[in-house]
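Inside the fold
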Amino acid sequence: MTGRQSTRSIYVVLLAALAIACVLAVFSGPVNVPFNQMLDSSVMRLRVARILLGLVVGAGLSVSGVIFQALLRNPLAEPYVLGVSSGAGLGAALAITLGLGALGTWTLPGMAFAGALATILLVYALARGAGGSVPVHTLLLSGVIVSAVLGSGLMFLVSVSSSKNIHNVVWWLLGNLQILDWGLLRAVSVVVLCGLVITMLFARNLNVMTLGEQPAAHLGLNPERTKRLFFVVASLMTGAAVAACGLIGFVGLIVPHTVRLVIGPDHRRLVPACALAGGGFLVLADAFARTVFPTEVPIGVVTAFLGGPFFLFLLRRRKRSYWG
Amino acid sequence: MLSIQNITAGYGGEPVLRNVGIDVARGEFVGLIGPNGCGKTTLLRVVSGVLAPAAGRVLLGDEELGRIGRRRLARTMACLSQDISLDLSFTVREVVMMGRSPHLPAVGRETARDFEIADRAMELADVSRMGDRQVNEISGGERQRAFIAMCLAQEPEVFLLDEPTSHLDVGHVLAILDLIRALNREEGMTVVAVFHDLNLAAEYCERLLVLNEGRVEALGRPQDVLTADMIRSVYGANVVTEPNPVSQRPHVVISAGMNRVSPGSGTEGARG
Amino acid sequence: MGVNKGLLKKWCLATAVVGMMAALLLLSERYVPTDATPAGKMRIISLAPNVTEMLFALGLGDSVVGVTEGADYPPEAAKIERVGGFASPSIERMLALSPTLVIGEEGAPSAVVTTLHKADSRSLELRIRNFGELFDAFGKIGEATGTAGRAAEVVAAMRAELAEAARLYGSVPPAARPRVFVEVWRDPITTAGGPSFIDEAIALAGGVNVAHDVKQAHPTINPEQVVEWNPDVIVLCYMTSKGGAAAEIARRIGWADIAAVKSGRVINDIDPDHLLRPGPRLIKGVRALAERLYGPRAGERPGLAEGASP
């Protein structure tokens, strides 16, 4: 395979990088935990939970990005392209401005997730055409429009809110990996892991879909059913990630492109590699954020700051086209 | 083998095809010709199962097309459509292997046999030496041959082709058509191909189906169907037909100035 | 022939557009509210809920003709006409109310202030970040509205309360003060740092803000940090489900060993506005905090309440 490193060596490198990221993250944070107390420490429990969340959310967002890029056949596609972020943001903002946000630990994430689901259903329903088919360009357009409408709803809420609520809404939207509840972590992990397994099982179909929907049908796929399955999987993973962490950008767009540059377009390899790379990257970015800044910094800022230059470096090294 | 019966089909609104039918025997090489917009691609889409007709049916063997599952259909019928994405960074080998998907279990890897079949398909299509090159980095002709190899990897009994030679130079055109003809003769593959070039259609096909505005205008052997009168009435072009000196098949001869439109008076050679 | 007509049309269109723009500009500059203001009557617009409270505290409630969304105290304020939200007051609505004075907090959009200058209305911008500035603000409002006397009374009363708190708790040595973590919001965890009102309120109430050394007023905090600080008391500044707060906090990963959690000293029944809104009710917040930290008999020289760390 010209230019493509052997798959096994890439997986080894990614796993090693992931392990190193986790180890670094365990030692990173505003609190200094003496080595001999590590196993017993409350702080360590918080850190481990945070690392696990980072792995799960990073993997979920990256693989969602891969799925949207394959199905929409557009390199600019990413997990929030169909409006999931606006819907979740609106759900969360409603929870906060209506005072429901604090009612229970699950109210805010629950309403954010509900917002995400409602958006997906709305976008899909709007894009439905003759005979139940959902043409991809219509879906994209529908997603952009719904996203804009919901986004303006969010802006309206913000404009009429008290300054305290504005502060809370904005900070939620900026995204962070704080996790205080094992139950929530479990819920997100289950959704993402199921999504990853399903995607990896049917990754070959993603390859065929990139040929186009009619060619894929000629090769024996049912394009509508395939699209539906993958969109549901990707949207649920994204919805769960956003509900738990707010909007973490950049990961779902850049990790797929970066990994594709190295491992190629075959989704059977790309999907697991992106899961590893996305998880490791987010954990590393969060560890960096926690140590360098005294207060919590929006994680999206750090991912862009760390990931952008690396991606550019990789892009310059490769002269040939990498998309497809 | 393939029985197309009374197909009326369209894309919502006015039907593009009206009551089109033909029975294609096993091992036959049929050409579809007709002016732009007459419904050739639409007919291929109906026959390949991706477009449901408003009326009529297609039988493959004695089974109705709608009743054959997509995967089973894809094991028997391959279709080279015009709209395969060109911007693929998959290698030629990877794309050809996609042709094996209908034969693979839903969740499973390819076996050595699949690789053998793919290799053979690449040999037939003469793309073996570019197996490791990306599809978006090879020439148009090589790409077309790669897609043909992909279709061949499906091990089809029926091969549908939509303008397989557009954008190709004469060398590639002849290479591809000779390959398909060889497969048709040596392996008994049934071929239905859309042609733009009437001379190619006449040379390679046993029968021609002429479509005009969604209806069957003529159906029969090239020598019976491809006449100057037919071409004038269907295409609105003035030509001369005479036998091809090598194969004796009909050959369409054109000459500059035969279709001049004079201003004011009715157009010479206009559609009858 | 055709060229001339086309050119003429273009000129007409251009003139019309320019004419419309000019008319709009001239008219907007000349806009004068139709109902004239009776001489001597004050019409005040308040651009922040805390300013509204302060106006009512000075007895100026009847003169307030416009408030922003969120002005909900005292109850009479809820009936006053709204002119928009905190971030987006509607200039039109304000002009239509013919204000003589507009009072806002630092941070209100400056276009508002400049426009109102033009409409013959005075404006006042206040900066309130601590008790000292709060008292100054009362003074400024008093001057601008001719109620300087009343303002001085209000300030004196507030100072007296704070002096009382200082008398009761000022001499508690730092080591004996309960260490307090105030959680302003949960997603992400936000607290009040050194330069905030809450920090001052905690100190006045005889406690110590664990986040005192953080330089921002409303920083987001890593929950690890809270575990390390190990506060004796946790105060929640948001409405949670009744009675569930302590259990909820105890369930948080790694928080079970925090002193406040172990002793159950999680407080969520102080009205958040008493701590977060920089106005006259902050005094109530200080008193409420003191009561929670030292027990309800706030008038006596306190022994430390049960559960407070020595």
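Remember, it's a predicted structure, so these values are computed and weren't measured experimentally.

Once that is clear, we can look at the overall build of chain A. A count of helical and extended segments in chain A gives 13 helices and zero strands. Order of helices (α) and strands (β) in chain A, N terminus to C terminus: α-α-α-α-α-α-α-α-α-α-α-α-α. The C-alpha atoms of chain A give a radius of gyration of 20 Å, which matches the 20 Å a tight globule of 324 residues would have. If one aligns the C-alpha atoms of chain A with their principal axes, the spans along those axes are about 60 × 50 × 35 Å. The 324 residues of chain A split such that 56% are buried. Nonlocal contacts in chain A, meaning residues at least 24 apart in sequence, comprise 78% of its contacts between residues at least 6 apart.

Quick look at the interface of chain A and chain B now. Each side of the interface is counted separately: chain A has 25 residues, and chain B has 24 residues. Of all the secondary structure elements, the ones that give two or more residues to the side of chain A that touches chain B are helix H8 (203–209) and helix H9 (213–218) of chain A. At four residues, H9 of chain A tops the list of elements feeding residues into the side of chain A that touches chain B. Broken down by class, the residue content of the side of chain A that touches chain B amounts to 12 nonpolar, 10 polar and three charged.

This part takes up the nonpolar core. Of all hydrophobic cores here, the largest spans 234 residues; its most connected members are Val-96 and Ala-149 of chain B. Per element, the largest residue contribution to this core is 18 residues, and it comes from helix H2 (residues 42–72) of chain A. For Ala-149 of chain B, the residues in contact, after removing those within four places along its chain, are Val-96, Ala-121, Met-122, Leu-124, Ala-125 and Val-127 of chain B. Phe-56, Ala-137, Phe-138 and Ile-141 of chain C belong to the second-largest nonpolar core, a separate cluster that totals 27 residues.

So, on to the confidence of the model for chain A. Of the residues in chain A, 95% reach a pLDDT of 70 or more, and the chain-wide mean stands at 88. No element of chain A has a lower mean pLDDT than helix H13 (residues 299–317) of chain A, at 82, and none a higher one than helix H7 (residues 182–201) of chain A, at 96.

Definitions and limits used
Residues numbered from 1 in each chain as written. Chains lettered and ligands numbered in written order. Predicted model: local features only at pLDDT ≥ 70, side-chain atom pairs only at ≥ 80, totals over all residues. Helix = DSSP H or I, 4+ residues; strand = E, 2+ residues; numbered from the N terminus. Rg over C-alpha atoms; globule rule 2.2 N^0.38 Å. Buried ≥ 20, exposed ≤ 12 C-beta atoms within 10 Å, placed from the backbone. Contact = placed C-beta atoms within 7 Å. Nonpolar A, V, L, I, M, F, W, Y, C, P; charged D, E, K, R; others polar. Core = buried A, V, L, I, M, F, W, Y, C linked by C-beta atoms within 7 Å. pLDDT = per-residue confidence, 0-100.

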